[in-house]
Amino acid sequence: MEYKTEKDGDKIVCTVMGRIDTNSAPQLLEAIDFTDLKELVYNLADVDYVFSAGLRIFLQAQKVMSANGGKMKLINVQPSVKEIFEIVGFTNIMDIE
Amino acid sequence: MFLRSRNWFRRQSLTFRIGASISVCVFLGVVWLWSFLSMHSRPIIKAHMEGLASRPLQDAVADLETAGWETESAALTIKNTLKELSSTDVNMMKHLLHSAMQTLIHDESDAAHAWVYVFENEDVSVGTMYSAVMEEDNFQFKTTQVTDFYKLYPWFKAVPKEENVFWSEPYIAESFDEKAPVVTCLIPFKFQGSDKFDGLVAVSMNLEVIRNDISKFEKDSIGKFWVISPKGQFIIHPNEKLQNTTTIQKIAEGKGGGMLQQAYRDLQQKKAGSIEIPVSTVYDSSVMVLYAPVKDLGWGVGFVCSKKEFEEPLRDLQLKIVSFMLIWLIVLLLIINLICRRSVKPLLDLSKVALEYGRGNFEAELPENISHDEIGVMNDAFHRMRKNLLQHIDLVRKAASEQQRTQSELEIAQQIQQSALPVEFPMHGEVEVYARMTAAKMVGGDFYDFFFVDDKHLAVVIADVSGKGIPAALYMMNAKALIRNTAKTGVSVSEVFARVNNELCHGGANLFVTVFMAILNIETGELSYVNAGHNPPYYFDKNGYKMLSVKTNIVLGGLENISFTEERMQMKAGERLFLYTDGVNEAQNCNGDFYGNERLTAILNTELQSSYDVLSVVQDDVAAFTQGAEQSDDMTMLEMLYCAMPKNALTVKADVIYIDKVLNYVERDLIKHKLPQSVQTKLMVATEEIFSNIAQYAYRTHGLVRMYTYVNDGEYHICFADNGIFYNPKKRPTPDLNKSVEEMDIGGLGIYLVKELTDNIVYRRDNGRNILDVGVKI
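Residues numbered from 1 in each chain as written. Chains lettered and ligands numbered in written order. Predicted model: local features only at pLDDT ≥ 70, side-chain atom pairs only at ≥ 80, totals over all residues.

> Go over the overall build of chain A, please, and point to the residues and values.
Looking only at helices and strands, chain A has four helices and five strands in total. Ordering the α and β elements of chain A from the N terminus gives β-β-α-β-α-β-α-α-β. Residues counted as buried form 38% of the 97 residues belonging to chain A. By sequence separation, contacts in chain A at least 24 residues apart represent 63% of the contacts at least 6 residues apart. (Helix = DSSP H or I, 4+ residues; strand = E, 2+ residues; numbered from the N terminus. Buried ≥ 20, exposed ≤ 12 C-beta atoms within 10 Å, placed from the backbone. Contact = placed C-beta atoms within 7 Å.)

> Mind laying out the overall build of chain B, listing which residues take part and the relevant values?
A count of helices and strands for chain B gives 17 helices and 28 strands. Among the 778 residues that make up chain B, the fraction classed as buried is 33%. The long-range share in chain B, meaning contacts at least 24 apart out of those at least 6 apart in sequence, stands at 64%.

> Explain the environment of F166 of chain B residue by residue, including any values.
Residues and elements named next belong to chain B. Following the sequence through the fold, F166 ends up in strand β4 (residues 166-167). Accessibility expressed as a C-beta count within 10 Å gives 16 for F166, which makes it partly exposed. Distance from F166 to T184, taken between C-alpha atoms, is 8.2 Å for residues 18 residues apart in sequence.

> Explain the sheet that holds strand β5 (residues 95-96) of chain A to me, and be specific about the residues and the numbers.
All names here are of chain A. In space, the five strands of this open sheet follow the order β1-β2-β3-β4-β5, with mixed pairing throughout. The sheet is open, and its two edges are formed by β1 (2-8) and β5, each paired on a single side. Note that strand β2 (residues 11-20) and strand β3 (residues 39-50) share nine bridges and pair parallel. By the bridge assignment for β3, I20 is matched with V50. (Pairing = 2+ DSSP bridges.)

> How would you sum up the environment of F451 of chain B? Please name residues and give values.
With respect to the helices, strands and loops of the structure, F451 of chain B is situated in strand β14 (residues 446-452). As a C-alpha pair, F451 of chain B and P422 of chain B span 29 residues in sequence and 8.7 Å in three-dimensional space.

> Run through the nonpolar core, naming residues and quoting values.
Membership of the largest hydrophobic core comes to 70 residues, with the highest contact counts inside it found for V460, V461, A479, M517, L520 and L556 of chain B. By residue number, the principal contributor to this core is helix α10 (residues 469-487) of chain B, which donates eight residues. Apart from residues no more than four positions distant in its own chain, V461 of chain B is found in contact with Y448, D449, F450, I483, V515 and M517 of chain B. One finds L74 of chain A together with A686, Y716 and F720 of chain B within the second-largest nonpolar core, a separate group that totals 57 residues. (Core = buried A, V, L, I, M, F, W, Y, C linked by C-beta atoms within 7 Å.)

> How would you sum up helix α3 (residues 79-87) of chain A? Please name residues and give values.
All of the buried residues in α3 of chain A are V81, I84 and F85 of chain A. One side of α3 of chain A holds all its buried residues, which, seen down the axis, span an arc of 100 degrees. The inward-facing, buried residues of α3 of chain A abut β3, α4 (90-93) and β5 of chain A together with α16 (677-697) of chain B. (Arc of directions from axis to C-beta.)

> Would you mind going over helix α2 (residues 52-68) of chain A in detail, with residue names and values included?
The end-to-end C-alpha distance of α2 of chain A, which contains 17 residues, comes to 24 Å, matching closely the 24 Å that a straight helix rising 1.5 Å per residue would cover. Among the residues trailing α2 of chain A, G69 of chain A stands out with phi positive, at a value near 80 degrees. (Expected span 1.5 Å × (residues − 1).)

> A description of unusual backbone geometry should follow, citing residues and the corresponding values.
At N76 of chain A, a position not held by glycine, the phi torsion is positive, near 60 degrees. For N76 of chain A, the position within the fold is in the loop between β4 (71-75) and α3. C-beta crowding within 10 Å serves as the criterion here: with 15 such atoms nearby, N76 of chain A is assigned to the partly exposed category. Of note in the backbone geometry, K674 of chain B takes a positive phi value of approximately 55 degrees without being a glycine. Tracing the chain through its elements places K674 of chain B in the loop between α15 (659-672) and α16. Given 7 C-beta atoms within 10 Å, K674 of chain B falls into the exposed group.

> Go over the environment of S204 of chain B with me, naming the residues and quoting the values.
One can find S204 of chain B in strand β7 (residues 199-206). In the structure, S204 of chain B is positioned 36 residues away from S168 of chain B in sequence and 9.2 Å away in space, judged by C-alpha atoms.

> Quick rundown of the interface of chain A and chain B? Include the residues and the values.
Taken together, the contact between chain A and chain B spans 20 residues of the former and 24 residues of the latter. Taken together, the elements giving at least two residues each to the side of chain A that touches chain B come down to α2 and α3 of chain A. It is α2 of chain A that contributes the most residues to the side of chain A that touches chain B, seven residues altogether.

> Before we move on, could you go through the sheet that holds strand β10 (residues 273-277) of chain B and cite the residues and values that matter?
All names here are of chain B. Strand order in this open sheet of five strands is β9-β8-β12-β11-β10, and the pairing throughout is antiparallel. On the outer flanks of this sheet lie β9 (234-236) and β10, each paired with one strand and no other. Across the sheet, the mean angle separating the axes of adjacent strands is 30 degrees when strand polarity is ignored. Taken together, the eight bridges between strand β11 (residues 287-294) and strand β12 (residues 299-306) define a ladder with antiparallel strand orientation. Bridge pairing in β12 links P293 to G300. Against the sheet, helix α5 (residues 207-218) contacts β8 (223-228) and β9, and its axis sits at roughly 150 degrees relative to β8. (Axes fitted to C-alpha atoms, helices over the stretch in contact; angles between N-to-C directions.)

> Report on the packing of α2 of chain A against helix α17 (residues 749-757) of chain B, specifying residues and quantitative values.
Between α2 of chain A and α17 of chain B, whose axes approach to 9 Å, the crossing angle comes to 125 degrees. It follows from the interaxial angle that α2 of chain A and α17 of chain B lie oblique. Crossing of α2 of chain A against α17 of chain B: the hand is right-handed. For the pair α2 of chain A and α17 of chain B, contact is made by S52, L55 and R56 of chain A and by L749, G750 and L753 of chain B, respectively. Looking at the contact of α2 of chain A with α17 of chain B residue by residue, the class counts come to three nonpolar, two polar and one charged. (Parallel < 35°, antiparallel > 145°, perpendicular 65-115°, else oblique. Left-handed = near helix turned anticlockwise from the far one by under 90°. Nonpolar A, V, L, I, M, F, W, Y, C, P; charged D, E, K, R; others polar.)

> Describe the pairing of strand β23 (residues 635-642) of chain B, listing the residues and the values that go with them.
Residues and elements named next belong to chain B. In terms of burial, β23 is largely enclosed, as eight of its eight residues are buried. Burial along β23 is two-sided: the residues M635, M637, E639 and L641 and T636, L638, M640 and Y642 are all buried. Where strand β13 (residues 431-438) lies against β23, eight bridges are found, and the strand directions are antiparallel. The partner of V431 across the bridge, within β23, is Y642. Summarising the sheet, strand β22 (residues 576-580) and β23 pair through five bridges and their orientation is antiparallel. Within β23, the residue paired with R576 across the bridge is L641.

> Tell me about the packing of helix α2 (residues 14-83) of chain B against helix α8 (residues 308-358) of chain B, and please be specific about residues and values.
All names here are of chain B. At a closest axis distance of 10 Å, the pairing of α2 and α8 adopts a crossing angle of 165 degrees. The angle between the axes of α2 and α8 places the two elements in the roughly antiparallel class. Here the hand of the crossing between α2 and α8 comes out right-handed. Class assignment of the residues belonging to the contact of α2 with α8 gives a composition of 22 nonpolar, seven polar and two charged.

> Describe in detail the confidence of the model for chain B, supporting the description with residues and values.
All names here are of chain B. Per-residue pLDDT for chain B has a mean of 82; in total, 90% of the residues score no lower than 70. Here helix α3 (residues 90-106) stands out as the least confident element of chain B, with mean pLDDT 70; strand β17 (residues 526-532) is the most confident, with 95. Per the prediction output, this complex has pTM 0.42; the corresponding ipTM is 0.89. (pLDDT = per-residue confidence, 0-100.)

Shown next as structure tokens:
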């Protein structure tokens, strides 16, 4: 898995590539500075697979953002990946495009 | 009781015991001295008192005798004159009496007055009394008609029948103006020519006068007098109240009266003597009484002396001596105490030092030895003891450290030996090998080994070197290396043994090794093996564990240039080979019983676990049998399981770092089968989840995961197998997904995902392995 982050004021866009698995998933939290963050966007256009560890990470990020009064968004999610989010019910609690 | 007090005494300090002993001796000496003085002083006192008392007594007796004699002489004179008269002539009588009284007064006699009584007729109670009294040199004469003489003198009982002198008992004379205590000397008389007694001549003695005389003798003497009448009445007594009122017999009724009665009896028999009376009416102390009779009067005189005056100085002396001795005893005790303390102190010092030595502190300084007495000898002995002990301890210490060094060397040897054994058990897809060696306390010669000769051939070895200790360990290391190196040249098992045997025989050591070695072709399952004097192995097939019938060759290292018989057999999937050393079947319990092959066969067939578990189960069973008896030999076991897995199988270590390897393996296979993206995603997610789950939870330390894929009945399957702890993912609860972000739990999602993504999940526990098979419709 690879990723890069772009910070624009109180907004961060994190672009991820590859598989989000057990080993790599925690980096997606560690890479983000949540201080005064109002908007967090994960661009999953190049993500083939999101495994359960990745799901946990997105749930944690969502909890932190909700607690801070910010927003989190997952964009460009592939249909096969989105299906995984649907199965665990995350489409109800997350903004997924 | 005596024993107990003796034991108590023995427990006391030396000072106390010596002091107490000497005190008792001195005390007994004082008591003896006291008794001795008391006993021996008594006769001395008595003699002394008798000497002092006899003179006044003799004087008193003489005085009384004189008084009696004078009174009696006066009476006799009158009687003799009357004897010459023929009739009663009053003038004559008056003259007679006057002259008699004058004589008495002239002679300073004690006589008080005299009278003559003339009977009227035969009746003696009626008569005429002629009496005379001298009062201050005036002579008075009186004539009295007596009508009842006995009333006047009641003590006068009868008319004497003979012309004897008769002395009256003391009485108060009332025939005068002044009453006076008197005793009267009576003599009957006859007128001339008369043949019967015509009257009595009486001369009285004034007892007051006698008392005065006697009291003179008491002056300057050591005692006081008493005088008794013949009937025992006190005529004179120091206590005037007793005079004329009390008899000696009455006093004798009191305490100590026996002696007094004795004195009275002696006096009646006119005998003198002395008595001692503890209680006296005269003195408030014990007294000595010397007594003597006054012969004519029939009286007795007693001289009472207080012993107190004589005994007191002696008692003072005794007290002084005893006090002096007691003071001396105290001084003696102080001196003994001082000496004992001085003598005992070095002993106490020595005992302190001895205690320190006992604690192992040999630095404790012994007291300076200055004396040459017994304690000095002991001190010297302590010096020598300390020196010898230190030398001895030094020797023991050296020996102990030598032994410790040897022991630690042996332990290191054991560690090296253990570390030479492979512990990474291969799970090669086609074959699994497990082994363990439990070394006995001593370094032994057991070993096992397994290694790939090439890509297809796995060799397993179990061996037992004869003997124990360092030589056996060295021999074992050599044998193990030779076998491994020779086998890796690719020759047959029998050839390996032939070469190794010759090498070992060249070594020259008088040791040998029993070896069983097998080489398995993991692709075909062909097994070739040789047994060189080792225990025949067990073989597991569909009928369970059975001892394998193998041809036994000679041990390695015994005889040079030997050829070994090699045997072959075909292993099928799931079959096992179990190797062991005699440490297993010959394990002994406390009663000396062997564990034996029957028990081994039984336990192997009761528990069908994974190979690793089989070894544990056998070891636990042996331990339960030996019940803590010390393990006498190394216990070594090895099991090889032939799996004959599909060719596409993947075996990886159960670790998340291998997750990419696993995912790539699955992805490649999925692409090969040209499955749609959605199916691919499902299987990839399921694979990632199942593998990371096994990697994180199945093993405590490390283990392997084996997986393979297959297509069956329109479903694509992935099968996972691990030797980890029992875990059935199907039994996990389904998480509640209708929760808000805050409430949603992170755990349990993965397994839920697997269940949702796959169409078919099968879990089974097989031979100690978790086998999970997931299938997705294609």
